[in-house]
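Residue strings, one per chain:
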Amino acid sequence: MIVSEATTHEGVLSVVRQTKPPNLESVELFDVFRGKNIPPGQKSMAYAFTYRSPERTLTDNEVNATHEKLIAQFKQTLQAMIRDN
């Protein structure tokens with residue numbers, strides 16, 4: 001996602017904690033990029049989110065619905081723009 005340069009990893013984790021997505025097992029920041037195709041004063045932060053239930057297999061629809069709610073919070077709280085790739 002593309003966020004303001006002032007956005008921190010802790011700020012992203014704070015949104016995750018406030019949203020409390022069900023079955024979210026882990027959040028991993030794996031890349032921060034500045035430069036080509038990223039507007040000045042912003043950066044790209046790439047995350048891996050792992051969803052898992054100890055009781056059963058989650059469906060794609062369940063995970064996608066939960067993740068979309070989290071993305072909506074990133075957009076609202078951090079003014080994040082989500083990159084397609």
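Residues numbered from 1 in each chain as written. Predicted model: local features only at pLDDT ≥ 70, side-chain atom pairs only at ≥ 80, totals over all residues. Heavy atoms only, no water.

Caption draft 1: Main features of unusual backbone geometry. Even without being glycine, Asn37 reaches a positive phi, approximately 70°. Examined against the element boundaries, Asn37 turns out to sit in the loop between strand E2 (24-33) and strand E3 (42-51). Since its relative accessible area comes to 65%, Asn37 is described here as exposed. With a phi close to 55°, Gln79 is a non-glycine residue in the positive phi region. In this structure, Gln79 sits in the segment after helix H2 (60-78). Residue class for Gln79 comes out exposed when judged on its relative accessible area of 56%. (Helix = DSSP H or I, 4+ residues; strand = E, 2+ residues; numbered from the N terminus. Buried < 20%, exposed > 50% of the residue type's maximum accessible area, 1.4 Å probe, protein only.)

Geometric values such as these leave the question of function open.
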